[in-house]
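What follows is the residue order along each chain.
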Amino acid sequence: MSLHTPYLESFLRSQFYMLRMDGPLPLPCRHYIAIMAAARHQCSYLINMHVDEFLKTGGIAEWLNGLEYVPQRLKNLNEINKLLAHRPWLITKEHIQKLVRTGENNWSLPELVHAVVLLTHYHALASFVFGSGINPEREREMSNGFRVVSVNNFCVCDLANDNSIENASLAGGNFGIVGSLSELEALMERMKRLQEEREEEDTSQEEMATRFEKEKKESLFVVSGDTFHSLPHSDFDDDMITTSDVSRYIEDPGFGYEDFARRGEEHLPTFRAQDYTWENHGFSLVNRLYSDIGHLLDEKFRMVYNLTYNTMATREDVDTTTLRRALFNYVHCMFGIRYDDYDYGEVNQLLERSLKVYIKTVTCYPERTTKRMYDSYWRQFKHSEKVHVNLLLMEARMQAELLYALRAITRYLT
Ligand SMILES: CC(C)C[C@H](N)C(=O)O
């Protein structure tokens, strides 16, 4: 993140606030919630960090044996942790009601909002950690932080589905740098054309809606061969938590982003962003219940959305707005969130298939990200630009989760 200092500053400001400043929840409890959130993605890098912090801030060591050892109240967060992480569109006001009205184990609304902010922050951060290849086990398995996946390691069913260009490019051994420069040219050309066309084109509302539904539907089927293979567990270090024992912090470990491709059907409802926006609704609710966090998150969202160096790989003075917006909106699209005034045709023109595979993996099941996925898109771009992509993905994910949770809280309140 230090490759992007202005962003890093607002990231740290909000993280510091939610972890260390005055707020509804006691300090150790905040770290325990961070652990629960990171455990949904088996992110031992974050878990180990917050196990330390939990103990340092006076947490009861016994809780680290797992959920069986924590108070029922904290345990009750399980359901919302699970839904937020994998299928936030399923969160209803009933889930909120259950948490705030459970007699002696109830959560006050400010406490719940604090917890939700922590959960979404750490789910998103897990995406960043895996997306950038900084989870520790993988460092051990391979020096550069990712495991190796052999070429023949994907399921036949996925090949047969014709749903991964990545598989195709592997089969063809198409890994050279050759052609990548013209890839860059072509991408820039498409960006330019879209900018010009926007002024001319007047697409009907129906057509815009259809384009979104099409993109959303297609996103459900974007999978890579790699994504169906879980990591081999390695128990290399006694005092470090490894993937094999993080499951103690969660229930129902098998629950994930809906495997639409396998089910062969579509099930993701559309959330019209206009009906519940971060700016007009989410922000004020969150700020009212947990003062100032709204401002900090808002600043961070704006920061990441507007961050640009006007570069594309080796090119300078490029307006990259369309591309950055496509990345952000594609994440929301995968969570069913639609902006009326955005033409999702742009996503399709700007994001190549291998990039979509990467985006989907990092945002929906980050623990399955591989170095090969990271390498297979935008080969001519700088590492810092791929980190920039990860920042956009992570913040878009956090905002999407927050929107669903806050909408449910608003519905509970009205
Ligand atoms: C994600 C990248 C395409 C961002 C680009 N380098 C920019 O400065 O805007």
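Our subject is the structure listed above.
None of the values given here were measured: they were computed from a predicted structure.

> Explain helix α20 (residues 383-413) here, please?
Because an α-helix packs 3.6 residues into every turn, residues spaced three or four apart end up facing the same way. Between its first and last C-alpha atoms α20 spans 45 Å; for 31 residues at 1.5 Å apiece the expected length is 45 Å, and the two agree. Counted residue by residue, α20 has 26 buried out of 31 residues, so it is predominantly covered.

> Would you mind showing me how to read the packing of helix α16 (residues 321-334) against α20 here?
Relative orientation and spacing of two packed helices are given, respectively, by the angle between their axes and the distance between those axes. At a closest axis distance of 9 Å, the pairing of α16 and α20 adopts a crossing angle of 40°. Between α16 and α20 lies a crossing whose hand is right-handed. Residue-level contacts link Arg-324, Leu-327, Phe-328, Val-331 and His-332 of α16 to His-388, Val-389, Leu-392, Leu-393, Glu-395, Ala-396, Arg-397, Gln-399 and Ala-400 of α20.

> Which parts of the structure should I look at to understand the site of the ligand?
In the vicinity of the ligand, the residues found are Thr-308, Tyr-309, Asn-310, Thr-311, Thr-320, Leu-323, Arg-324, Trp-378, Glu-385, His-388 and Val-389. A distance of 3.3 Å separates an oxygen atom of the ligand from a polar atom in the backbone of Asn-310. Glu-385 is positioned with one of its side-chain polar atoms (N or O) 2.8 Å from a nitrogen atom of the ligand. Contact with the protein chains removes 100% of the 290 Å² of surface that the ligand exposes when unbound. Looking at the shell around the ligand, the elements that each hand over two or more residues are α16 and α20. By residue class, the composition of the shell around the ligand is four nonpolar, five polar and two charged.

> Would you mind going over the pattern of salt bridges with me for this structure?
A side chain with one charge may pair with a side chain of the opposite charge, provided their charged atoms come close. Within this structure, the stated rule accounts for 23 salt bridges. One salt bridge connects Lys-75 with Glu-68, and the closest N-O pair in it is separated by 4.0 Å. Using a relative accessible area of 18% as the deciding quantity, one classes Lys-75 as buried. Accessibility expressed as a relative area gives 61% for Glu-68, which makes it exposed. Taking the shortest distance from any N to any O, the salt bridge between Glu-185 and Arg-315 comes out at 2.7 Å. Residue Glu-185 is found in helix α11 (residues 180-200), and its partner Arg-315 is found in the loop between α15 (293-306) and α16; the two are separated by 130 residues along the sequence. A residue is classified by how much of its surface remains accessible, and Glu-185, at 40% relative accessible area, is partly exposed. For Arg-315, a relative accessible area of 26% translates into the label partly exposed.

Here is what the cut-offs are and how they apply
Per chain, residue numbering runs from 1 following the sequence as it is written. At least 70 in pLDDT is required for a residue's local features to be given in this predicted model, at least 80 for side-chain atom pairs to be given and counted, and no such filter applies to totals for whole chains, interfaces and linings, which use all residues. Side-chain figures throughout are based on the complete set of non-hydrogen atoms in the structure, without hydrogens or water. Starting at the N terminus, helices and strands are each numbered in turn, a helix being any DSSP run of H or I of at least four residues and a strand any DSSP run of E of at least two. Take the number of residues in a helix, subtract one, and multiply by 1.5 Å to get its expected span. Accessible area is worked out with a 1.4 Å probe on protein chains only. A residue is then buried under 20% of its type maximum, exposed over 50%, and partly exposed in between. In this analysis an axis means a line fitted to C-alpha atoms, helices contributing only their contacting stretch, and an angle means the value between N-to-C directions, from 0 to 180 degrees. What makes a crossing left-handed is the near helix being turned counterclockwise from the far one by less than a right angle; a clockwise turn instead makes it right-handed. Two residues form a contact once any of their heavy atoms are found within 4.5 Å. For each residue, the test is whether any non-hydrogen atom lies within 4 Å of the molecule or strand; if one does, the residue is near. The term polar contact refers here to a pair of N or O atoms within 3.5 Å; inside protein, the definition further demands a hydrogen-donor-capable atom paired with an acceptor-capable atom, and it admits residues adjacent in sequence only when both atoms are side-chain atoms. In this description, accessible areas are obtained by the Shrake-Rupley approach with a 1.4 Å probe, and a residue is regarded as covered only by the protein chains that are shown. Each residue gets one of three labels, nonpolar for Ala, Val, Leu, Ile, Met, Phe, Trp, Tyr, Cys and Pro, charged for Asp, Glu, Lys and Arg, and polar for the others, Gly among them. Whenever a carboxyl oxygen of Asp or Glu lies within 4 Å of a side-chain nitrogen of Lys or Arg, that contact is scored as a salt bridge.

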